[in-house]
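Okay, here's what each chain looks like letter by letter:
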Amino acid sequence: MREYIRHPTSVPINLHEIDGPIKHGINTLSNVSFGGVSCICEEPVEAGSNLHIRIDCVDPDFEVSGTVVWCRPHANGYEVGIQFLVSKDKMFLFRMVEQLCHIEHYRHEVDRKEGRQLSSEEAASEWIARYADKFPAN
């Protein structure tokens, strides 16, 4: 059983290997949770690799380090699971980023399904009104 509930998303994520020559570039975030993320990459990433993670769709950019815990083939390349490396006092930041990723995902879904183009602020207002009370406390 998972320690944290994962939430689907589809925002760009930038990965780059710490202390290594490999730059994994822009990939697609597929799930985000309080403890880590999974994303779709074009190339495999070795388990145990330490990565620098940056999510640009939030302001300011969200940056954190993580360790690859698994990598498996996926229809669009490879799905990579990354556990955050952070002290417990910084964990509240992840809740904020988790919500921001939900809002960005909501903004894209509204555009795709309804043809409405929302600003980030409009999407946040709608998402909060509709879903904030259902968002897990931790």
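Note that the structure is a prediction, hence the values are computed from the model and not measured. Residue positions are given per chain, counted from 1 along the sequence in the order it is written. Only residues with pLDDT of 70 or above have their local features reported here, since the model is predicted, and side-chain atom pairs are shown and tallied only from 80 upward, although totals for entire chains, interfaces and linings are computed over all residues. Only hydrogens and water are set aside when side-chain values are computed; all heavy atoms of the structure are taken into account.

Asks: Please set out the overall build of the protein chain residue by residue, giving values where relevant.
Replies: Working definition: helices are DSSP H or I runs of at least four residues, strands are E runs of at least two. Numbering for both runs from the N terminus. From N to C terminus, the protein chain includes 2 helices and 7 strands. Reading the protein chain from its N terminus to its C terminus gives the helix and strand order β-β-β-β-β-β-β-α-α. Any residue under 20% of the maximum accessible area for its type is buried, any over 50% is exposed, and the rest in between are partly exposed; the area is computed with a 1.4 Å probe on protein chains only. Counting over 138 residues, the protein chain shows a buried share of 41%. Here, residues are in contact when the closest pair of their heavy atoms is within 4.5 Å. Of the contacts made within the protein chain by residues no fewer than 6 positions apart, 50% connect residues no fewer than 24 positions apart.

Asks: How would you sum up the state of the cysteines? Please name residues and give values.
Replies: Cysteine sulfur atoms are paired as a disulfide whenever they fall within 2.5 Å. Considering all chains together, one arrives at 0 disulfides under this definition. Cys 39 takes part in no disulfide bond, and the closest cysteine sulfur to it belongs to Cys 41, at a distance of 3.8 Å.

Asks: I'd love a proper account of the nonpolar core, names of residues and values included.
Replies: In this description, a nonpolar core means a group of buried Ala, Val, Leu, Ile, Met, Phe, Trp, Tyr and Cys residues linked to one another through side-chain atoms lying within 4.5 Å. With 20 residues, the main nonpolar core has Ile 13, Leu 15, Leu 29, Ile 55 and Ile 82 as its most contacted residues. With 7 residues, the next largest nonpolar core counts Tyr 106, Leu 118, Ala 123 and Ala 124 among its residues.

Asks: Can you tell me about helix α2 (residues 120-131), naming the residues and giving the values?
Replies: Expected span of a helix, by definition, is 1.5 Å for each gap between consecutive residues, and there is one gap fewer than residues. Between its terminal C-alpha atoms α2 stretches 16 Å, which fits the 16 Å expected from 12 residues at 1.5 Å a residue. Three or more residues of α2 are buried, namely Ala 123, Ala 124 and Trp 127. The buried residues of α2 all sit within an arc of 100 degrees when viewed along its axis, so they share a single face. Those residues of α2 that are exposed and aimed more than 90 degrees away from the buried face are Glu 121 and Ala 129. The arc under discussion is defined with respect to the helix axis, by the directions toward the C-beta atoms.

Asks: An account of the pattern of salt bridges is needed here, citing residue identities and associated values.
Replies: In what follows, salt bridge is the name for a side-chain nitrogen of Lys or Arg lying within 4 Å of a carboxyl oxygen of Asp or Glu. In total, this model carries 5 salt bridges according to the counting rule given. Linking Glu 109 and Arg 112 is a salt bridge whose minimum nitrogen-to-oxygen distance equals 2.8 Å. Placement of the pair is Glu 109 and Arg 112 together in helix α1 (residues 91-114), with a separation of 3 residues, close to one helical turn. Close ionic contact of Arg 116 with Glu 114 constitutes a salt bridge, the shortest N to O distance being 2.7 Å.

Asks: I'd like a rundown of the confidence of the model for the protein chain, residues and numbers included.
Replies: When pLDDT is low, close inspection of the predicted coordinates is not appropriate. Each residue carries a pLDDT score, the predictor's confidence in it, ranging from 0 to 100. Looking at the protein chain as a whole, the pLDDT averages 77, with 75% of positions reaching at least 70. Here residues 1-8 is modelled with pLDDT under 50, and outside its nearest four sequence neighbours on either side it reaches 23 contacts, counting other chains as well.

Asks: An account of the environment of Val 69 is requested, with residue identities and associated values reported.
Replies: By the element assignment, Val 69 lies in strand β6 (residues 62-74). Its relative accessible area of 42% is what places Val 69 among the partly exposed residues. Setting aside residues up to four positions removed in sequence, Val 69 forms contacts with Ala 47, Gly 81, Ile 82 and Gln 83.

Asks: Lay out the pairing of β6 with the relevant residues and their values.
Replies: Following DSSP output, two strands are said to pair if at least two bridges run between them. By the bridge criterion, 6 bridges tie strand β5 (residues 50-55) to β6 in an arrangement that is antiparallel. Among the inter-strand pairings, Ile 55 is bridged to a residue of β6, identified as Phe 62. If you look at the hairpin formed by β6 and strand β7 (residues 77-85), you'll find 2 residues sitting between the two strands.

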